[in-house]
Every structure is written in structure tokens, then in C-alpha cells.
Amino acid sequence: MSLIEQDKQYIAGTYARFPVELVSGKGSVYTDVNGKDYIDMGAGIGVNIFGAQDDGWKNAVISQLNNIQHTSNLYYTGPCVKLAKALCEKTGMSKVFFVNSGAEANECAIKVARKYAAEHRGSDCYTIVTIKNSFHGRTLTTLAATGQEHYHELYQPLTPGFVSVNADCPEEIIELSKTTKIAGILFECIQGEGGVLPLSKEYIRFLRKFTEENDIILMCDEVQTGNGRTGKMYSYMNFDIKPDVISTAKGLGGGLPIAATILSEKVENIFGPGDNGTTFGANPVSCAGACYIVGKLTDEFLSDVARKGAMLKEKFLACPDIEAVTGYGLMIGLKTKKSAGEVVKKCIEDGVLCLTAKDRVRLLPPLNTPDELLLKAADIIINACKN
Ligand SMILES: *Cc1c(COP(=O)(O)O)cnc(C)c1O
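Residues numbered from 1 in each chain as written. Predicted model: local features only at pLDDT ≥ 70, side-chain atom pairs only at ≥ 80, totals over all residues. Heavy atoms only, no water.

A. Fine view of the nonpolar core. By size, the foremost hydrophobic cluster in this structure holds 88 residues, and its most contacted members are Leu87, Ile173, Phe187, Phe316 and Ile381. Broken down by element, the residue count for this core peaks at nine residues, all from helix 12 (residues 371-385). When residues no more than four places from it in sequence are discounted, the contact partners of Ile173 are Val129, Val165, Ile182, Ile185, Tyr203, Phe206, Leu207 and Phe210. Counting 23 residues, the second largest nonpolar core, distinct from the first, contains Phe135, Leu143, Tyr151 and Ala183. (Core = buried A, V, L, I, M, F, W, Y, C linked by side-chain atoms within 4.5 Å. Buried < 20%, exposed > 50% of the residue type's maximum accessible area, 1.4 Å probe, protein only. Helix = DSSP H or I, 4+ residues; strand = E, 2+ residues; numbered from the N terminus. Contact = heavy atoms within 4.5 Å.)

Here is the structure:
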């Protein structure tokens, strides 16, 4: 049986995979089982932000593997402390809780908002507001938070206490607050799975002001947009606000599973012993890799991400087969005349891996991809957009 046939027999059928079997990679180039090369414009889904087998990242991971691969959270270990300190220094936040996936980081953020609200505003204050067309994960609670009905259908009843509102409509939240006690607002500055759609600056600033005035916890889901992707350490930094809670994952570990819920001073002491926990969270190998990644995200590096993004955007904007170009930094959405699925299929034939998000082509290349490779991939994508 071929690998593809065995995959279909033994792996649960949730993924519509492309007929490509990747076996190795170096930097932003992957090789398949037939020896064909691909330029990687997806980085997994925004995960391998320093590409495949980055030397510095590999050294950090291997040297931690040579010490210890896991301890329980009952003992102290160095890598998680070093990483938490680096994240707090880069954000001005106060404390970190480590988990393993974006969904778990959002679960933790929601727990923070619920506990804060119960303690400060009463047990009838628990509603979490999210934005329509958002994506926050696949657990039953983060599905409830995800503002897309079609994800909900099969799994009723979901966790109660979630309401989604239309993006960029402040009045809806103001109206809702007249009848419902709002504990927290969870949002993505740029909706990733929703099609690389940024919320407006005015709306994001409204969210900050409204939550501040009403003692509501503002939670920014930086799972996809975080860790340098948009040309800033976290995407909210493009909008001159600071949330109360940040959740992040995907690119943080450079390829190993790790996620973080980062807490501002307002909520830093919300958890006491036993209030939350995880077996695998703060894994020292993942943390050692993430420390290396976060250390590399200097202001200079981030402004180069912004420059690369602007360079690509300019190229795509000049293409008559592309109707719109959205996003920040190296998180780019393309509305193409041809269907996004067809463009991605043609790109694979021509040696470029890219993603879709709703009706858009979505690009999340490794942040250190050299200009030449980005431009070469852009040419192949532009060609694939032609009818
Ligand atoms: C991917 C994603 C998640 C879920 O992350 P997992 O690691 O798959 O659980 C949550 N929020 C956003 C914005 C994402 O892009």
C-alpha cells in the first residue's frame, strides 16, 4: 500500500491533504519524496517561522535535549523562566502561563476573564464577546468563541456564555452591554482563518477604551499574528493599544508545540495554586527553542519583516488577476479572480506551497526567507493567478 493509501486507512479523515509527501527541508525550501523542491510560503501554518532546520534553533533544542526533555510542573526548570521573562520584557506584560496549543492558550485566557469577572463584578458576569468570522480553536469552548456558525453545527451544545458581534460595529457591543454583563472581549486584530482581514484601527481602539471604562478583560488572540509575523512582536502593536491578556502559539516555538497566555498587571495574580494546570505545558525543549526564536525577534529583524511584506504587497498589487491584497508584514491575503483553491493547486505544480483562508490565498512564509526566494515565489503565485 502506498503511504497515501495507508494514511487514508489509519488517520482520521479530518484533513483534505494535497497529494504531496514532504520528506525534508532546509530554510524555506522543502523537498518531496520524488525529489521535487518547493518554496515554502506557509511555514506549516505560520509555525516554522525560521524555516526548516534553522541552525541556531536546532542547537538550542538539541542542547536542551541533551539535558532533560521533560519535568513535571512540580519542579523548577530554567527554560520556561527564561522564556517568560523574555516575553514579559518584549510586551510590558507581567506573567505567563504556558500551554501546548492555540486553543488551550485561548481557554486559559477565557478562564482568566471569567475568574476576574466573578471576583470583581459578580457571578452573573460571565459573557465573553467575540467577533463574527473569527477563529479561536477547536475545543468545545474555543469553538463557542469562534464566530462562524458552520463550525458549531455538529457539536451542540457548546459551552454557553459566548456572543459574537459584527466587526467594526461599536454600537453592537454598546447595545449588548445594556442587557448583558460582559466579562471579556476576545478578538484577532487580523482575522487569519477568516481571510486575512484586519479590523479597523478605530474599532480596535474602541475595544480598548470600552473595556477599560467598563472593567472588561480585553484578550488579544495572537496565535497566528504573533511572534513577529506582522512586522511587530505582536499584531496589537500596529494599533497602539495594549490588551489585558495575550494568547499566542503557532510561530512561538519555531516548529515545536508550545503556546502561552500572557497576563498584564491587571490580571497577573488571578491564578493561585491549583487554579489551572497542564502536564506538557512549559516543556523545556519547546521553551529552549522558543527562547532562541524570541531572542531573534529584535526591532531590526521585525522592521525587515515589514519591509519584506511591503515588497511582496507591491508586487501583488500590480497584478491584474489579484483584486485585493490584505494583511500586515508577512501575513498576506490575496483575493484572486481565479478561485483560491485553484491557485494553490497550480502553485504546488509549479513548486510553491501556499495556504488558503476562506476565499483568499494566504501567505505566511518563514520570516527569514531571503528576498530572492520571496520574489521567485511571488512570480510563481502571480503566474498561477492567470486564467
Ligand atoms: C490556529 C489558531 C488557533 C488554534 O490554534 P491550535 O494550536 O490549532 O489550537 C486559535 N486562534 C487563531 C487566531 C489561530 O490562527
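Having seen the structure, we can now continue with the description.
B. Region of interest: the site of the ligand. Inspection of the region around the ligand gives Ser101, Gly102, Ala103, Asn106, Phe135, His136, Gly137, Glu188, Asp221, Val223, Gln224 and Lys250 as its neighbouring residues. With respect to the ligand, the backbone of Gly102 contributes an N or O atom lying 2.8 Å from an oxygen atom. Within the contact set of the ligand, an oxygen atom lies 2.8 Å away from a backbone nitrogen or oxygen of Ala103. Protein contacts shield 81% of the accessible area of the ligand, which totals 380 Å² for the unbound molecule. The cavity that encloses the ligand is the largest pocket. Across the shell around the ligand, the residue classes tally to three nonpolar, six polar and three charged. (Near = heavy atom within 4 Å. Polar contact = N/O pair within 3.5 Å; in protein donor to acceptor, adjacent residues only side chain to side chain. Areas by Shrake-Rupley, 256 points an atom, 1.4 Å probe, with all protein chains shown as cover. 1 Å grid on protein atoms, 1.4 Å probe; cavity = no way out; pocket = protein on both sides within 12 Å on 5 of 7 lines; lining within 4 Å. Sits in = over half its atoms within 2 Å of the grid points. Nonpolar A, V, L, I, M, F, W, Y, C, P; charged D, E, K, R; others polar.)

C. Highlighting the sheet that holds strand 14 (residues 331-336). In spatial order, the strands read 13-14-17-16; together these four strands make up an open sheet with antiparallel pairing. The strands lining the two open edges of the sheet, one partner per strand, are strand 13 (322-328) and strand 16 (355-357). Strand-to-strand twist in this sheet, taken as the mean axis angle between neighbours without regard to direction, amounts to 30 degrees. Contacts between helix 11 (residues 340-349) and the sheet are confined to strand 14, strand 16 and strand 17 (360-363), with strand 16 contributing the most and set at about 175 degrees to the helix. (Pairing = 2+ DSSP bridges. Axes fitted to C-alpha atoms, helices over the stretch in contact; angles between N-to-C directions.)

D. Fine view of the side chain of Thr225. Tracing the backbone shows Thr225 in the loop between strand 10 (217-221) and strand 11 (245-248). Separated by 2.6 Å, the side chains of Thr225 and Glu222 make a polar contact. Polar side-chain contacts of Thr225 include one of 3.3 Å to the side chain of Ser235. In contact with Thr225, other than residues within four places in its own chain, are Ile190, Thr230, Ser235 and Met331.

E. Expanded view of empty space enclosed by the protein. Enumeration according to the criterion identifies one cavity of 30 Å³ or more in this entry. Here the largest cavity is characterised by a volume of approximately 50 Å³. In terms of lining residues, the largest cavity is bounded by His70, Thr71, Ser72, Asn73, Tyr75, Thr77, Thr279, Phe280, Gly281, Ala282, Asn283 and Pro284. Across the lining of the largest cavity, the residue classes break down as four nonpolar, eight polar and no charged. (Points joined across faces, edges and corners; volume = space filled by probe spheres on them.)

F. View of the packing of helix 11 against helix 12. As a packed pair, helix 11 and helix 12 sit with axes 9 Å apart at the nearest point and diverge in direction by 130 degrees. In terms of their interaxial angle, helix 11 and helix 12 are classed as oblique. Seen from above, helix 11 lies across helix 12 with right-handed handedness. Facing helix 11, whose interface residues are Val343, Lys346 and Cys347, helix 12 presents Ile380, Ile381, Asn383, Ala384 and Cys385. (Parallel < 35°, antiparallel > 145°, perpendicular 65-115°, else oblique. Left-handed = near helix turned anticlockwise from the far one by under 90°.)

G. Broad picture of the layout of surface pockets. Considered as a void within the structure, the largest pocket measures approximately 1800 Å³ in volume. Taken together, 46 residues make up the lining of the largest pocket; nearest its centre are Tyr15, Gly44, Ile45, Leu355 and Arg362. Put simply, the parts of the chain that give the lining of the largest pocket at least two residues each are strand 1 (22-26), helix 2 (43-46), helix 5 (102-121) and strand 16. Of the voids in this model, the second largest pocket is the one considered here, and its volume is about 800 Å³. Taken together, 24 residues line the second largest pocket, and the ones lying closest to its centre are Asn73, Lys95, Val96, Phe97 and Phe98. Those elements that place two or more of their residues in the lining of the second largest pocket are helix 4 (78-91) and strand 4 (95-99).

H. Structural detail: the sheet that holds strand 3 (residues 37-40). Taken in spatial order, the four strands line up as 1-2-3-15 in an open sheet, and their pairing is mixed. Each edge of the open sheet carries a strand with a single partner, namely strand 1 and strand 15 (352-353). Inspection of the sheet shows strand 3 paired to strand 15 by two bridges, in the parallel sense. Its bridge partner lying in strand 15, Asp40 is registered against Leu353.

I. Representation of the pattern of salt bridges. Under the criterion given, the structure shown has 21 salt bridges. In this structure, the salt-bridge partner of Lys115 is Asp275, at a minimum N-O distance of 2.9 Å. Here Asp275 lies in the loop between strand 12 (259-263) and helix 9 (284-296) and Lys115 lies in helix 5, a separation of 160 residues in the sequence. A residue is classified by how much of its surface remains accessible, and Lys115, at 26% relative accessible area, is partly exposed. (Salt bridge = Lys/Arg side-chain N within 4 Å of Asp/Glu carboxyl O.)

J. Representation of the packing of helix 10 (residues 299-317) against helix 12 in the model. Their axes nearest at 10 Å, the elements helix 10 and helix 12 cross at an angle of 25 degrees. Here helix 12 runs roughly parallel to helix 10, going by the angle between their axes. The interaxial crossing formed by helix 10 with helix 12 has right-handed handedness. For the pair formed by helix 10 and helix 12, the contact residues are Arg307, Lys308, Met311, Leu312, Lys315 and Phe316 on the first element and Asp371, Leu374, Leu375, Ala378, Asp379, Ile381 and Ile382 on the second. Here the contact of helix 10 with helix 12 is composed, by residue class, of eight nonpolar, no polar and five charged.

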